[in-house]
Structures are given as structure tokens and as C-alpha cells.
Amino acid sequence: MREGKAPGFGRPFGRRSFLKGSAVAAAAVGAGSFSVGCAPKQGKGSSDEPQAQSVEEAVYPGICRGGCGGGCQMNVHVREGKIVKTSRREQSHADSTRLCNRGLTHALRVYDENRLKHPMKRVGERGEGKWEQISWDEAVTTITDKWKEVAEKHGPGANAFLKGSGNITPDAHHGLLLRSLMGATLLDPAQDRALYVAGPAAAGYSKYFCGSALEDVYNTKNLLIWGINPTESLSTIAHYILRAQQEHGTKLIVIDPTFTITASKADMFVPIHPGTDGALAFGMMSVLVSENLVDEAFLASDTVAPLLVKDEDGTYLRLSDLGKAEAGTKEDLFAVAAPDGSFGSVAEIAAPLIRGSFDVEGIAVTTSYDLLLERVAEWTPESASEVCDVPVETIKELAHIMVDGPSAVAPGLGLDHYTNGVATYASIFAMTMMAGQVGKPGTGFKGGSLLKALLVGCRTLLLIPRMLPKAICSILPLF
Ligand code: SF4
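Residues numbered from 1 in each chain as written. Predicted model: local features only at pLDDT ≥ 70, side-chain atom pairs only at ≥ 80, totals over all residues.

> Explain helix H15 (residues 421-434) here, please?
What sets the pattern is the α-helix's 3.6 residues per turn: residues three or four places apart point alike. With 14 residues, H15 extends 20 Å between its outermost C-alpha atoms, agreeing within 8% with the 20 Å of an ideal straight helix rising 1.5 Å per residue. The element H15 is extensively covered by neighbouring structure, given that 14 of its 14 residues are classed as buried. Looking at the residues trailing H15, positive phi occurs at Gly436, about 70°. (Helix = DSSP H or I, 4+ residues; strand = E, 2+ residues; numbered from the N terminus. Expected span 1.5 Å × (residues − 1). Buried ≥ 20, exposed ≤ 12 C-beta atoms within 10 Å, placed from the backbone.)

Structure (C-alpha cells):
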């Protein structure tokens, strides 16, 4: 047999290699049935074929960097210094012992002949396609010398790191550590990573690691899967969602411009004009307000709705503004209004007002919730429908579904792909909290590792006075 090149492995490929490769492939799909040193059985008529020899195999723990952000743990099987396969790694929790096809095919990508394996330096004009291979030392020195030059000239903050969703697994955290050590700037764009910007601002989570377990979705009655197709893009959570539907009766509502595989499993599919999800959220908020469905008690106790915003500059009123605390100290808490007409800190007033404008010792202020309502008042289900192409009756039905909880939202990175994605996410978060669907079992924001953070354990805040309504407003010309 002629020797050739095995696709993706970049080395001679003959019949014997094929037999060994077949064993690897069989083991890869055999989900844990792989035997170390096991040669493939010879079939009828193959007695003249050489026997594949046993080789030692080492198994290392690894983590999938498939880009979905799930971070599934896996076994990395190495023979003769080469990765021959990856397999799922047993976790303490059976539902976490998963690996999708991307995770199972890592070896192909590691050895793909088109993979960039060395630092390359452009030697021609931009676009000419002329590159030369350089050493790692030269690459590191070239980059760090440039960083030093910029920092000396303009200060450390003049260097900036730009993260993207294609690199949200552990590598990205090393990059963040480096950025911190350098004192460089972190750019979190409103596109692609908008969810990571809006999420912390809306729910106060610490990036990726807090919140309740994914199994909480089994307590969810209605799950709005909004701009995400987990059966293909986030397999880590897809089985939780489908199990919730099949075994716990969770109603799946998919909001997506495309009839995805996830949509094909949905109890209700809501097609939407791409990039107009913020309008739908505002249409739903309009219904909540006009039909008195807003959970005002929740807004008062668990969100920033009662915080007072200074008309003058749009910042929160603090005790230091009233001469009751020193600015910048931990005693300098936000101020709220009490029903008896007094003003005090959020720690002092248990049931603050969420509506109203006041004059507090000469400072004109308005509650955060009133500022949001000003923006909600600009919308009706009808005007939202004109923008997002979702029928008025469906917008009303979605609002009613939200308050018939426990309801939750699974927002995905699909909404990141449009300008001002941050504002879109913020409007969805605000709508969910107005419906009172945060902070209780089965409610909140469901997702993969990146959204575990937003689950039931985080009940910090929600509405971003001034910034949110203005940001939402700013996307209107784009519709
Ligand atoms: S679900 Fe995501 S993290 Fe897990 S194996 Fe697939 S691509 Fe990798």
C-alpha cells in the first residue's frame, strides 16, 4: 500500500497506521471502553497483515477549549508523545460527565496541518501574505518591548486587552491576570461580549463563578430560551434543559430569528426580527406595567429600584450628599425614601418607596424605577411589535408567561451579535426582575458556566438608572 498523509495528523499513513487509527476511533466512540495496548482484531482473510504492537498510553486530565465556554473536563490519552484521543472524564456529578463531539475531536485540531503552531512575523506589506517563522523568545520580546514603549510614553493604561467570546475558557483568565499585573486597560466590547458586561451590571455577579446549580432549571415552570441554540452551541446545558422539559414539565419558549434544533423541541417558538430583542423586552415591560403585573415588593427589597438618582448628574444620592457620612467610606451608603417622608440609607429603611421625585435638602432626586418607567412609557406592545415582528398577542402572552412563575430566561450570545448588545441584555434582565422572577428556585437567568453566575443565588440588583434607559434609547435608530 502506498504511504500517504493521515488527514489532520501530518505523518505517513499506511495500512498499519490505519488499523491503529481505527482502534483509536473505535475507542473514541466507545465511551470509556478503550483498553490500553489493545490491538484491533484481525478479520477474515487478513492473516497476512502485520500485528499492531502494544504501546504504552498515559492519560492526563484536561479541559475542553472548544470555545463554547462549557469547560467540560476530559481525559487526554497520549501515546508516543502524541494525543491519540480525548474522552469524557468522570465527575462527581453524573450530569457533568459529558463531552460533545467538539470535545471528542480535540486531537484532530491539535494536529491539523493548518493550525498555527509557531509564532509568525509579517515581513511584507499588510495583505501581501508574506510571513516568516520566528522563535518564541523573539515573539515574546517583540511584544513586551512594544508594551513597555507604550507604557513609558503614555502610561500603563495605554495598553489594552480585548477579549472575545472565542476564548472564554481558562486561557482568558491567564490573560486577565497578565493585564492586571501590567495595569493595562480591559476592553469589554458591547458586541460579542455584551452579556459579560450587562450581566455583572444587572445582577452583580462575579463573572463566571457563583450562583446555583444547573439543576435548578428543573424547578422552572417556563423557560425563555432567548437568542441561544444550546443543542448545538452549548451542549453543556442542553441536556439539563431537555430533561427539565421531558421529566419536570418545564415549558420551553424559544425566541430566535432562526428555527433552530432547540426551537424544534420547543413548546412555543417565537420568531423575531434579528437584532430587535430589546424592543420585545420593552413591549413585555409595557404589558407588565399597564396590567399591574410588576412585582413591586421584590423591586423594593431586592433591586436598586428605590435608590434615588440626582437629577443634576444622574448619580445615586448617598449619605455623604446629606452630610451623614464621609464620601468614599463604607458608611457612605445609598439613600432611599421612606413612606413617612423621611430619607435614610438602604440599611435603615426596610420598605423604601420605589416611585416618586423628591427634594432632599435642596437636591432634586427621582427613584431609579421611575426613570426606567419613563423609558417603558415610550413603548406599547403595538409599537414593539412593529419593530420586532412579534405579534401583539404573543408579546402579551410572553409577559403573562413570565409572571406565571417560576419563570426564567436563558439568554445566549446570539444577542451579542448586534450593536449595543449590552442594552439588549439589560432590558431583558430588567423585564425579568420587574416580573419578580429572580432570587427564587427555578427563576433567574439560566445558562452555561458563564451564566451560572446569574442563577438564583444572585439577587443583588437589577435596574441601572440613567444608563439603562438611555442605552436602550440609543439603539432605537438602529431598528
Ligand atoms: S460542551 Fe463545550 S466545553 Fe463541553 S466538550 Fe463540547 S465544546 Fe467542549
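> Any chance you could explain the environment of Ile363 here in plain terms?
Structurally, the position occupied by Ile363 is in strand E17 (residues 363-367). What makes Ile363 partly exposed here is the crowd of 16 C-beta atoms within 10 Å. With 41 residues separating them in the primary sequence, Ile363 and Leu322 have C-alpha atoms 9.0 Å apart. What Ile363 contacts, discounting residues up to four positions off in sequence, is Lys310, Leu317 and Asp321. (Contact = placed C-beta atoms within 7 Å.)

> Looking at this model, I keep getting lost on the sheet that holds strand E16 (residues 357-360). Mind explaining?
Within a beta sheet, neighbouring strands are joined by backbone hydrogen bonds and run either parallel or antiparallel to one another. Across the sheet, which stays open at both edges, the 3 strands sit in the order E13-E17-E16 with antiparallel pairing between neighbours. At either end of the open sheet lies a strand with only one pairing partner, and these are strand E13 (308-310) and E16. With direction set aside, neighbouring strand axes in the sheet form an average angle of 40°. Across 4 bridges, the pairing between E16 and E17 is antiparallel. Residue pairing in the sheet places Ser357 in a bridge with Thr366 of E17. Across the sheet, helix H12 (residues 368-376) is in contact with E13, E16 and E17; its angle to E17 comes to roughly 65°. (Pairing = 2+ DSSP bridges. Axes fitted to C-alpha atoms, helices over the stretch in contact; angles between N-to-C directions.)

> What's the story with the pairing of strand E4 (residues 73-79) in this structure? I'm lost.
Side-chain direction in a regular strand flips from residue to residue, so the side chains alternate between the two faces of the sheet. As judged from the 7 bridges shared by strand E3 (residues 57-63) and E4, these two strands associate in the antiparallel manner. Within E4, the residue paired with Ile63 across the bridge is Gln73. Bridge analysis of E4 against strand E5 (residues 82-88) gives 6 bridges, and the strand direction is antiparallel. Across the sheet, the residue bridging to Val76 is Thr86, located in E5. Connecting the antiparallel pair E4 and E5 is a turn made up of 2 residues, with Glu80 showing a positive phi of about 50°.

> What should I look at first to understand unusual backbone geometry in this one?
A negative phi holds for most residues other than glycine; trans holds for most peptide bonds. Looking along the chain, the bond that leaves Gly405 and enters Pro406 is cis, with omega of 5°. By the secondary structure assignment, Pro406 is in the loop between helix H14 (392-403) and strand E18 (407-411). In this model, Asn292 sits at a positive phi of 55°, which is unusual for a non-glycine residue. Its place among the elements puts Asn292 in the loop between helix H10 (277-290) and helix H11 (296-302). Residue classification places Asn292 among the exposed positions, given that 7 C-beta atoms sit within 10 Å. Unusually for a residue other than glycine, Glu361 sits at a positive phi of about 50°. Inspection of the secondary structure puts Glu361 in the loop between E16 and E17. Residue Glu361 is classed as exposed on the basis of its C-beta count, with 9 C-beta atoms lying within 10 Å.

> Hey, could you run me through helix H13 (residues 381-388) in this one?
The set of residues buried in H13 consists of Pro381, Ala384 and Cys388. Around the axis of H13, the buried residues are gathered within 65° of arc, so they sit on the same side. Where H13 is buried, its residues contact H10 and H14. Backbone geometry just after H13 places Asp389 at a positive phi near 70°. (Arc of directions from axis to C-beta.)

> Where do I start with the packing of H13 against H14 in this structure?
Geometry of a packed helix pair, given as the angle between the helix axes and the separation of the axes. Remark: H13 packs on H14, axes separated minimally by 8 Å, with the N-to-C direction vectors making an angle of 110°. Between H13 and H14, the crossing angle belongs to the class labelled roughly perpendicular. Seen along the crossing, H13 lies across H14 with a hand that is right-handed. When H13 is examined against H14, the residues Pro381, Glu382, Ala384 and Ser385 are found in contact with a partner set consisting of Val392, Ile395 and Lys396. Grouping the amino acids of the contact of H13 with H14 by side-chain chemistry returns 4 nonpolar, 1 polar and 2 charged. (Parallel < 35°, antiparallel > 145°, perpendicular 65-115°, else oblique. Left-handed = near helix turned anticlockwise from the far one by under 90°. Nonpolar A, V, L, I, M, F, W, Y, C, P; charged D, E, K, R; others polar.)

> Is there a simple way to think about the nonpolar core in this case?
Membership of the largest hydrophobic core comes to 84 residues, with the highest contact counts inside it found for Leu223 and Met284. Here this core takes 10 residues from H15, the largest share from any one element. Of the residues that make up this core, three or more belong to each of domain 3 (206-292 + 375-478) and domain 4 (306-364). Sequence-distant contacts of Leu223, that is, excluding residues within four places in its chain, are made with Val217, Ile241, Ala244, Thr250, Leu252, Ile253, Ala408, Ala410 and Lys446. (Core = buried A, V, L, I, M, F, W, Y, C linked by C-beta atoms within 7 Å. Domains from an automatic or database assignment.)

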